[in-house]
Amino acid sequence: MGQSMTTGTGVAAPVAAPGELFICDYPWAAPKDDMASMEHPLFTLATRPDRRILRYTHGEAQIEVTPSVKGLATIHDKDVLIFCVSQLMAALNAGLPTSPVLHLRAHDLLVATNRDTSGDGYRRLREALDRLSGTRIVTNIETGGIESTRGFGLIDAWEILRKARGGRMVLVTITLSDWIYRSVVSKSVLTLHRDYFRLRKPLERRIYEIARKHCGRQSEWHVGLETLLKKTGSTSPRRVFRRMIRDIGAADSLPDYTVALEEGDLVRVRARRPRTGRDGPVLDTDIHERVRAVAPGLDPYRLEADWRHHWETSGRPALRSPNAAFVAFAKARSKRSTAAD
């Protein structure tokens, strides 16, 4: 029988009984990232084995990251955690019990994170699991409203349950650390744009994470170059990092945000303005989860199609907040459906 854990909002999150598996079976789940690792540099940006011991202090937060002999977990290895967090949040938003022990199909993870599904892709996934479990962290960062100084791995354990012919893994069990799992049940997470997984350069991914955490839905956010260098965890000299930031700004490849280096080594991050395309208003990537919460039992994609048709037939009015308009439409449709029953 399931238990519950109080979240940071005071709402009891359903938790599976000890020893139970959580089945990852939410293909529509929006990508979610835990805010603690978005804020602080826990992953290396190096593309070769990085065996340094990382030490980072910011305010009262202190972090020490120690690699295994196979090196530190990389920013690309983090895809595994993002997939797991996304699946757990989809279940929590649906009011279903969860567990830190996740049972998943390797192919689903590779597809969801825009990874290669060839034999090489499965090999790289195995290596990522090794680094995630081998990297040890000692920190006092608060998660779920609780501050404790402790040491842990990013994942506690992993197991390949079955292999297909040819040696490819099929089913995988991953046990998340309590530190990560506590972030999820307290809903200390943020939604990422799905194009995050299309960013191949480690620094681009890290800059996007920081922008998502600090700029969020604000129109813009400013940060000093030196502070940004520290927050990314980059080992590049300041002059090289300055050039890299200029290159990212010129490439303009980040989803949701633009980046520019201004006078005085000040980095400006701006949220991209919502666009209206041929298909109508542009919605946030997590909108279907929000609609599921206000209109339980109704298909959010069918609701979106109906809402867009209503918008078209109403003369395509300008919308200050397309997301709020869609949620209001879903609430009204849910009330009508309930009344009809």
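Preceding this paragraph is the structure being described.
Conventions used here
- For every chain, the first residue of its written sequence is number 1, and the numbers climb from 1 along that sequence.
- Selection of residues for local features in this predicted model requires a pLDDT of at least 70, selection of side-chain atom pairs for listing and counting requires 80 or more, and totals for whole chains, interfaces and linings are taken over all residues.
- Note: side-chain values were computed over all heavy atoms of the structure, leaving out hydrogens and water.
- Take the buried residues of types Ala, Val, Leu, Ile, Met, Phe, Trp, Tyr and Cys, join any two whose side-chain atoms come within 4.5 Å, and each joined set is a nonpolar core.
- For the exposure calls, accessible area comes from a 1.4 Å probe over protein chains only, and a residue counts as buried if that area is under 20% of its type's maximum, exposed if over 50%, partly exposed in between.
- Numbering of helices and strands runs from the N terminus; a helix is a DSSP stretch of H or I covering at least four residues, while a strand is a stretch of E covering at least two.
- When checking whether two residues touch, look at their non-hydrogen atoms; a contact exists if any pair is within 4.5 Å.
- Strands were regarded as paired on the criterion that DSSP finds at least two bridges between them.
- As a rule, the C-alpha atoms of each element are fitted with a line to give its axis, helices using only the stretch in contact, and angles between N-to-C directions run from 0 to 180 degrees.
- In a helix, the anticipated span is given by 1.5 Å times the number of residues less one.
- Here, the term disulfide refers to a pair of cysteine sulfur atoms separated by no more than 2.5 Å.
- For the purposes of these results, a polar contact is taken to be a pair of N or O atoms within 3.5 Å, where, inside protein, one atom must be able to donate a hydrogen and its partner to accept one; residues adjacent in sequence count only when each atom of the pair is a side-chain atom.
- Stacked, edge-to-face and tilted are the three classes for Phe, Tyr and Trp ring pairs, Trp counted by its six-membered ring, which pair at centre distances within 6.5 Å; planes under 30 degrees apart are stacked, over 60 edge-to-face, the rest tilted.
- In our convention, an over-ring charge means Lys NZ or Arg CZ found within 6 Å of a ring centre and within 35 degrees of that ring's normal.

> It is not clear to me how the nonpolar core should be interpreted in this structure. Could you clarify?
A general trend in soluble globular proteins is that nonpolar side chains are found buried together. Ranked by size, the top nonpolar core spans 77 residues in total, and within it V80, I174 and L176 carry the most contacts. The leading source of residues in this core is helix α2 (residues 78–93), at 11 residues. Setting aside anything within four residues of it in sequence, one finds I174 in contact with V80, C84, P100, V101, L102, L104, L129, I155, A157 and W158. Judged by nonpolar contacts, the second largest core, of 10 residues, contains V291, W307, F326 and V327.

> What am I meant to see in the sheet that holds strand β14 (residues 257–262) here?
Whenever strands of a sheet pair, they do so through backbone hydrogen bonds, lying parallel or antiparallel. With respect to topology, three strands assemble into an open sheet ordered β13-β15-β14, the strand pairing being antiparallel. On the outer flanks of this sheet lie β13 (220–224) and β14, each paired with one strand and no other. Between one strand axis and the next, the sheet turns by 20° as a mean value, whatever way the strands run. As defined by bridge partners, β14 adjoins strand β15 (residues 266–271) across six bridges and the pair is classed as antiparallel.

> Any chance you could explain helix α6 (residues 202–214) here in plain terms?
Each full turn of the α-helix corresponds to 3.6 residues, which orients residues three or four apart in the same direction. With 13 residues, α6 extends 19 Å from end C-alpha to end C-alpha; this agrees with the ideal 18 Å at 1.5 Å per step. Of all 13 residues in α6, 11 are buried; the element is thus mostly enclosed. When α6 is considered as a whole, its buried residues turn out to be P202, L203, E204, R205, R206, I207, Y208, E209, I210, A211 and R212. Directly beyond the C-terminal end of α6, a positive phi value near 55° is found at G216.

> Can you walk me through α2 in this structure?
Between its first and last C-alpha, α2 extends 22 Å over 16 residues, near the 22 Å set by a 1.5 Å rise per residue. Among the 16 residues that make up α2, 15 are buried, leaving the element largely enclosed by the rest of the structure. Following α2 by one or two positions, G95 has its phi on the positive side, about 75°.

> Sorry if this is basic, but what is going on with the state of the cysteines here?
Note on terminology: a disulfide is the covalent bond linking the sulfur atoms of two cysteines. Tallied over the entire structure, the rule returns zero disulfides. Of all cysteine sulfurs in the structure, the one in C84 sits closest to C24, which takes part in no disulfide; the separation is 5.6 Å. Given the relative accessible area of 4%, C24 is considered buried.

> What is the right way to look at the environment of I248 in this model?
Mapped onto the elements, I248 comes out in helix α8 (residues 238–251). For the pair I248 and A260, spaced 12 residues apart in the sequence, the C-alpha separation amounts to 8.3 Å.

> Looking at this structure, how should I read the pairing of strand β11 (residues 169–176)?
Side-chain direction in a regular strand flips from residue to residue, so the side chains alternate between the two faces of the sheet. Extensive coverage of β11 is indicated by the burial of six of its eight residues. Relative to β11, strand β7 (residues 101–105) is paired through five bridges, and the arrangement is antiparallel. Bridge pairing in β11 places V101 opposite T175. The pairing of strand β10 (residues 155–163) with β11 spans seven bridges and is classified as antiparallel.

> Hey, could you run me through the side chain of H288 in this one?
Its location among the elements puts H288 in helix α9 (residues 287–294). Judged by its relative accessible area of 14%, H288 is buried. A polar contact is formed between the side chain of H288 and the side chain of E304, at a distance of 2.7 Å. With residues up to four places along the chain from it excluded, the contact list for H288 reads P300, Y301 and E304.

> So what exactly am I meant to see when it comes to the packing of aromatic side chains here?
Aromatic ring pairs are defined here through the distance separating the ring centres and the angle between the ring planes. Using the criterion set out here, one finds six aromatic pairs in the structure. Each ring, one from F22 and one from Y26, has its centre 6.2 Å from the other, and the planes form 10°; the classification is stacked. Taking relative accessible area as the criterion, F22 reaches 4% and is therefore assigned buried. Among the aromatic residues, those joined into a ring-pair cluster are Y196, F197, Y208 and Y257. Geometry around Y56 places K230 over its ring, the cationic atom sitting 5.7 Å from the centre.

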